[in-house]
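Analysis of the macromolecular model
Chain by chain, the residues run as shown.
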Amino acid sequence: MLRVRCLRGGSRGAEAAHLIGAMLGRAVTGWVQRAFQSTASSAAAAAAHPRVAVEEPVTDFAAEENPVCAYNEWDPLEEVIVGRAENARVPPFTVEVKANTYEKYWPFYQKYGGQSFPGDHLKKAVAEIEEMCNILRHEGVIVKRPEPIDWSFEYKTPDFNSSGMYAAMPRDILIVIGNEIIEAPMAWRARFFEYRAYRPLIKDYFRRGAKWTTAPKPTMADELYDQDYPIRTVEDRHKLAAQGKFVTTEHEPCFDAADFIRAGTDIFVQRSQVTNYMGIEWMRRHLAPTYKVHIISFKDPNPMHIDATFNIIGPGLVLSNPDRPCRQIEMFQKAGWTVVKPPTPLIPDDHPLWMSSKWLSMNVLMLDEKRVMVDANETTIHKMFESLGIETIKVSIRHANSLGGGFHCWTTDVRRRGTLQSYFH
């Protein structure tokens, strides 16, 4: 079994070279800085002028102090980013948004696209997420938040016009793999500038030693989308998904980070409405050879984000949505994994889910192997976790669910205390 130690945020085997490089770099950098400062001081003294201050350099990489480290979805959680519902806007009803939403909500998008979500509902969502943050802190987790931004601002690029959406779902835009935080390129035009809300946090992690990678930003030109994507009914969606046809084309790489899920050296991903094969291939090359990226698929008429369909909650333990069976499930069973089918969600039919399905009930956040944050109203899934020997930390975020995510979506785990291992043989 491959095992790489994680020292308070740690490193992976391939990153030993980075540590050595950092040490050499520190020596060279120090010599250059001393030479520069000495020269500057001499020149300043000769000219009888005070020396100009030199900006403080970025902190050198130090494995024992790395603020970012996560290898899977279940090691003990130490630090997390939780999204914000403040100022959230309904995305304009463009072709990529239409392809990712259900017909019953299309009138809502046609009416409110580009405007704020209903005020009272949004206010309740904000309060729920604040309470979720308080409970995470009570459980010993450090909580970080993105910047509040005015998403009503309309912007124009050479290829499209749009307004913004929100910074509610950090799982969609950020993924931590080892001591690296990767910024996803996204696929919705309304989310093009979403990264701006997270940049202060990411820059701080970078200054403190984390690796920071931004995937190639797509132009999101018309060629990225099938402008004639033929969606009328759920049956249409099933046929198109089975044929491997999605609203996003292969014009350029795009992906949402939430289509990837981690299990040590193995990363699983689906081709979806927002993640194309070019995006998956970019991640595969970027993470090789330490990590292997596996493409899996589901009987899902509207694939977008893997974690309400296939949620890995422990070593060799996965929740698999019974309504969206995995076509490669035998691969996991042969590897000795336990596949658990969660119970039917209890969320009422009249509760608005503008951007998601009821299966957010399985979109849970593991605090460690034996603790899970789960919806307080989903009593049947409480019993399921209890039967697995997992304690449930119950929180109600029903109004926050309406914005498109459960506990896993609303968070990005920045640091988990653990080691890099192989769980998939």
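This write-up is about the structure you can find in this document. (Residues numbered from 1 in each chain as written. Predicted model: local features only at pLDDT ≥ 70, side-chain atom pairs only at ≥ 80, totals over all residues. Heavy atoms only, no water.)

1. Focus on the pattern of salt bridges
- According to the stated counting rule, one finds 24 salt bridges in the structure shown.
- Between Glu183 and Arg199 there is a salt bridge, and its shortest N-O distance comes to 3.0 Å. Of this pair, Glu183 sits in strand E7 (residues 180-183) while Arg199 sits in helix H6 (residues 199-207); the two residues are 16 residues apart in sequence, bridging distant segments of the chain.
- Connected through salt bridges with shared partners, the residues Glu73, Arg171, Arg262, Asp413 and Arg416 form a single ionic network. (Salt bridge = Lys/Arg side-chain N within 4 Å of Asp/Glu carboxyl O. Helix = DSSP H or I, 4+ residues; strand = E, 2+ residues; numbered from the N terminus.)

2. Comments concerning the pairing of strand E8 (residues 211-214)
- The sheet contact formed by E7 and E8 spans 4 bridges and is parallel. Pairing of Glu183 across the sheet is with Thr214, part of E8.
- As for the winding sense of the linkage, the β-α-β connection from E7 through H6 to E8 is right-handed. (Pairing = 2+ DSSP bridges. Right-handed = clockwise from strand over helix to strand, strands pointing away.)

3. Overview of the sheet that holds strand E14 (residues 338-340)
- Strand order in the open sheet formed by 3 strands is E12-E13-E14, with mixed pairing between adjacent strands. The open sheet has two edge strands with one neighbour each: strand E12 (310-314) and E14. The average undirected angle you get between the axes of adjacent strands in this sheet is 30°.
- Across 3 bridges, strand E13 (residues 317-320) lies against E14 in parallel orientation. Bridging across to E14, Leu317 finds its partner in Thr338. (Axes fitted to C-alpha atoms, helices over the stretch in contact; angles between N-to-C directions.)

4. Considerations on the sheet that holds strand E17 (residues 391-395)
- Strand order in this open sheet of 3 strands is E15-E16-E17, and the pairing throughout is mixed. In the strand order of this sheet, the two ends are held by strand E15 (365-368) and E17, each with one partner. Taking each pair of neighbouring strands and ignoring which way they run, the sheet shows an average axis angle of 30°.
- Pairing analysis gives 3 bridges linking E15 to strand E16 (residues 371-375), with the strands arranged antiparallel. Within E16, the residue paired with Leu365 across the bridge is Met373.
- Sheet strands in contact with helix H4 (residues 119-138) are E15, E16 and E17, and its direction is about 150° off that of E17.
- Against the sheet, helix H10 (residues 379-387) contacts E16 and E17, and its axis sits at roughly 170° relative to E16. (Contact = heavy atoms within 4.5 Å.)

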